[in-house]
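A closer look at the structure
Each chain, written out:
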2 protein chains.
Amino acid sequence: MGQDQNPDGKPPAQATLHEVRTAENSAAYLLPKLESMKESNPSLKLLDVGCGSGTISLSFAKLIPDGHVTGVDVNANILPRSRANAETAGVKNIEFQQGSIYELPFADETFDITCCHQVLIHIGNPWDALREMLRVTKRGGIVAAREGDYETECIWPELPGLGKFHKLMAGLMSAGGGTPTSGRQLFSWALKAGAEPSEVTLSYSTWSYHTLSERKICSQGLCDQLRGGGMREKALKFRLGTENDFEEMAKAWEEWAERDDASLAMLHGEILVQK
Amino acid sequence: MGQDQNPDGKPPAQATLHEVRTAENSAAYLLPKLESMKESNPSLKLLDVGCGSGTISLSFAKLIPDGHVTGVDVNANILPRSRANAETAGVKNIEFQQGSIYELPFADETFDITCCHQVLIHIGNPWDALREMLRVTKRGGIVAAREGDYETECIWPELPGLGKFHKLMAGLMSAGGGTPTSGRQLFSWALKAGAEPSEVTLSYSTWSYHTLSERKICSQGLCDQLRGGGMREKALKFRLGTENDFEEMAKAWEEWAERDDASLAMLHGEILVQK
């Protein structure tokens, strides 16, 4: 999902966390299918919906050098950063534009692959989004989605501030109309979007932070958000916590980063829908 | 963990669930290390602790044809089945014997690899078990453990009987002295067993049932246990449910197996400890 560029031009706090994402670490479930489709059609057209700052999109573009990637995000403010990231990476076969997942600015059957990552978890009618993703996908193409299942979040050690943070995040997702248990519901949403059961392939995978460098990236990103990012503003607006609460949570993340035995993991649901 | 052979000689109810386990689907985190150790020493000695009916042990034995596998289980009653499974598979480089994870019947530094799967989650002092596993492992060898994190269990659809079942299982684990959140605690237990942080590698992986055949195996195995297995007896003994509750849970598992959109997934923690 989109992130705002800070007024001072620095990358937004979330970027530290989100820009480690690539097709390889966040869409591994889709890559065998993409590779087999590429064999018969090297000029695949791929749409990445809710592309944010575009690191996943541009790694897809590297995988299909004779193809083309379009990244779309509802938040136009993030797009200069997406384009800058693509330029820094030297990726040319890509473009970014503003658009809503509910009303994608493309004709029917435009793309071979239409995918999203951590987008449906934040929105109110994910089945409508999947139906719209199916609309812009060619017959014989694929719609792919990977979404966290926030209720499976698994944190050690069990510091009270981290428990509060978990509740804050679930509260923010729900307050925004999202679904914390998205991962487990993806298959049912695909059916609600009109797919037949035989057209949907489900899988689960894991994502975790546990090495020292991963813990530092995670802790720093979350502390930045708790002490000054957009998440803090939203949480205050929805009365999901006080400034003291946020400081307790940030201190807990700092303590967590220092612990050798600390880790954070979560299950992700994944679907491939054959159109 | 061990399972009793039924008096009529049929495989125990749990076997349906447990005997799909192999080194490939249950110890993938260990295989690259095993392969690299095998290159320099093809005659690796591997100990599988809490081997149960031995399907993981015998698939390890196939991977090290010039090596040797020993399977140990605290429950001597399961061992005829373990031996029969090895014989059926035509695996010769394996033996099974009775023994406790707290007091392994082997000299110091006997094995190159000592591993367990879904064992520490059931016992009271998992760090003592890891210390004992380290004792019987050679210097330069590896201790490996993979354990579920039951609090991350992720079930769809959310039928009330399945919610009750989740609580029953967590209650049974705790009543038996086990730790439902084992997956996330493995690293800390390795430190408590005497390992240095730099000697421990942590990872997480997923395990799930969602295809029709997987759902049938899972549902049938759990229904058998709820309607007549040892789990039911234990649950009645610890007053964790009534016969009506167990029937409600079994019916919910039957309904779950029929649903196209149904799935069950769980996070597993994994450690490799370099001795």
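Read on for an overview of the structure. It should be emphasised that the depicted structure is a prediction, and the values quoted were computed from it without experimental measurement. Throughout this description, residue numbers start from 1 for each chain and increase along the sequence as written. A letter from A marks each chain and a number from 1 marks each ligand, given out in the order of writing. Reporting in this predicted model follows two pLDDT cut-offs: at least 70 for local features of residues, and 80 or more for side-chain atom pairs to be given and counted; totals over whole chains, interfaces and linings ignore these cut-offs and use all residues. Hydrogens and water molecules were not included; the side-chain quantities draw on all heavy atoms of the structure.

1. A look at the relation of the copies chain B and chain A
Structural alignment of chain B on chain A gives an RMSD of 0.0 Å, achieved by rotating through 180° and translating 0.0 Å along the axis. Such a combination of turn and shift is consistent with a two-fold rotation axis. Proximity to the rotation axis, assessed at the C-alpha, singles out Thr152(B) in chain B; its C-alpha lies 2.2 Å from the axis. Copies overlap after least-squares fitting; the atoms used are the C-alpha atoms of residues with pLDDT of at least 70 in both.

2. A few points about helix 10 (residues 230-237) of chain A
Residues and elements named next belong to chain A. Each residue is placed in one exposure class: buried if its accessible area under a 1.4 Å probe, protein chains only, is under 20% of its type's maximum, exposed if it is over 50%, and partly exposed if it falls in between. Numbering goes from the N terminus for both helices and strands, where a helix is a DSSP run of H or I of at least four residues and a strand is a run of E of at least two. All of the buried residues along helix 10 are Met-231, Arg-232 and Ala-235. Considered in projection along helix 10, the buried side chains sweep an arc of 100° and stay on one side of the axis. Opposite the buried face of helix 10, at more than 90 degrees from it, the exposed residues are Glu-233, Lys-234 and Lys-237. The contact criterion used is simple: two residues touch if any of their non-hydrogen atoms lie within 4.5 Å. Where helix 10 is buried, its residues contact helix 7 (160-175), helix 9 (212-228) and helix 11 (243-258). Backbone geometry just after helix 10 places Arg-239 at a positive phi near 55°. Comment: arc refers to directions from the helix axis out to C-beta atoms.

3. Brief notes about the packing of aromatic side chains
Each pair of aromatic rings taken from Phe, Tyr and Trp, with Trp reduced to its six-membered ring, is defined by centres within 6.5 Å and is described as stacked if the planes are under 30 degrees apart, edge-to-face if over 60, and tilted in the remaining cases. What the rule picks out here adds up to 10 aromatic pairs over all chains. With 5.4 Å between their ring centres and 90° between their planes, Phe165(A) and Trp253(A) make a pair best called edge-to-face. Remark: Trp253(A) occurs in helix 11 and Phe165(A) occurs in helix 7; sequence separation between them is 88 residues. You can call Phe165(A) buried: its relative accessible area is 3%. Judged by its relative accessible area of 0%, Trp253(A) falls in the buried class. Seen from their ring centres, Trp127(B) and Trp189(B) are 6.4 Å apart, and the 65° between their planes marks the pair as edge-to-face. Taken together, the residues span a long stretch of sequence, with Trp127(B) in helix 6 (residues 126-135) and Trp189(B) in helix 8 (residues 182-192) at a distance of 62 residues. Trp189(B) sits in the buried class, given a relative accessible area of 3%. The rings of Phe165(A), Trp253(A) and Trp256(A) are connected pair by pair, giving a single aromatic cluster. Over the ring of Phe111(A) we find Lys45(A); its NZ or CZ atom is 5.7 Å from the centre of that ring. Whether a charge sits over a ring depends on NZ of Lys or CZ of Arg being within 6 Å of the ring centre and within 35 degrees of the ring normal.

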